[in-house]
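Listed below, chain by chain, are the residues.
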Amino acid sequence: MFLLKSKDVDMAKFDGNFELIEVYRRDLLPLHFKYGRGLKSWIESRAIDSSRVSSRLLKKALQMRNKDDYSTSMKVYARAITDTFWVCPDDADISYSDVQFTSDEYSDLTLNLDINVLEIL
């Protein structure tokens, strides 16, 4: 199961097949869900654009074996720099402070193509 969260507030609960089980905060759900779209497509939509050159560098820095959009996004719990939403697997003992972006190393890599960052990651 998965919890869709905004910071540490539960928004909705999904089963292992990404089916919606319960909505806790309909008023705060991303529009994606208000239009009846599913969790898996929302997670995939939050991955770095695979056509960007920097996406290959980022996936290398994250030492990813599976490089599809779902795996890429879930590597960072579906976090994005543009909002506070994220996905928490129900068996994970983590909070927003554990998944929020707190450093600029990845942005230096992806935005500036600074490959020297790979040495410190």
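Heads up: the structure comes first, above all this text.
So, how was this worked out
- Residues numbered from 1 in each chain as written.
- Predicted model: local features only at pLDDT ≥ 70, side-chain atom pairs only at ≥ 80, totals over all residues.
- Heavy atoms only, no water.
- Pairing = 2+ DSSP bridges.
- Helix = DSSP H or I, 4+ residues; strand = E, 2+ residues; numbered from the N terminus.
- Axes fitted to C-alpha atoms, helices over the stretch in contact; angles between N-to-C directions.
- Phe/Tyr/Trp six-rings, centres within 6.5 Å; stacked < 30°, edge-to-face > 60°.
- Buried < 20%, exposed > 50% of the residue type's maximum accessible area, 1.4 Å probe, protein only.
- Lys NZ or Arg CZ within 6 Å of the ring centre and 35° of its normal.
- Patch = residues over 30% accessible without salt bridge, like charges linked within 9 Å, V, L, I, M, F, W, Y side chains within 5 Å.
- Areas by Shrake-Rupley, 256 points an atom, 1.4 Å probe, with all protein chains shown as cover.
- Salt bridge = Lys/Arg side-chain N within 4 Å of Asp/Glu carboxyl O.
- Lys, Arg positive; Asp, Glu negative; His and termini not counted.
- Charge placed at Lys NZ, Arg CZ, Asp CG, Glu CD.

**Q** Please give an account of the sheet that holds strand S1 (residues 2–6) that cites residues and values.
**A** The strand order across the open sheet formed by 4 strands is S3-S2-S1-S4, and the pairing between neighbours is antiparallel. Looking at the sheet topology across the chains shown, the edges are occupied by strand S3 (20–23) and strand S4 (85–89). Strand after strand, the sheet turns through a mean of 30° between neighbouring axes, direction not considered. Bridge analysis of S1 against strand S2 (residues 9–14) gives 5 bridges, and the strand direction is antiparallel. Residue Leu-3 lies in a different strand from S2, and its bridge partner there is Lys-13.

**Q** Describe the packing of aromatic side chains, listing the residues and the values that go with them.
**A** Under the defined criterion, the tally for this structure stands at 6 aromatic pairs. With 5.5 Å between their ring centres and 10° between their planes, Phe-2 and Phe-18 make a pair best called stacked. You can see Phe-2 sitting in strand S1 and its partner Phe-18 sitting in the loop between S2 and S3, a full 16 residues away along the chain. Judged by relative accessible area, which is 11%, Phe-2 ranks as buried. With relative accessibility at 18%, the residue Phe-18 sits in the buried group. Note on Phe-14 and Phe-33: the rings are 5.6 Å apart at their centroids and 45° apart in plane angle, and the pair reads as tilted. With Phe-14 in strand S2 and Phe-33 in helix H1 (residues 31–34), the pair connects residues that are 19 residues apart, well separated along the chain. An aromatic cluster is built from Phe-14, Phe-33, Trp-42 and Phe-85, whose rings are joined through pairwise contacts. When the ring centre of Tyr-70 is taken as origin, the NZ or CZ atom of Lys-40, which lies over that ring, is 5.6 Å away.

**Q** Quick one: what's the story with a negative patch on the surface, residue by residue and with numbers?
**A** Taken together, the side chains of Glu-44, Asp-49, Asp-68 and Asp-69 define an acidic patch exposed on the protein surface. Its location among the elements puts Asp-49 in the loop between helix H2 (39–45) and helix H3 (53–61). Here Asp-49 falls in the partly exposed class, since its relative accessible area comes to 43%.

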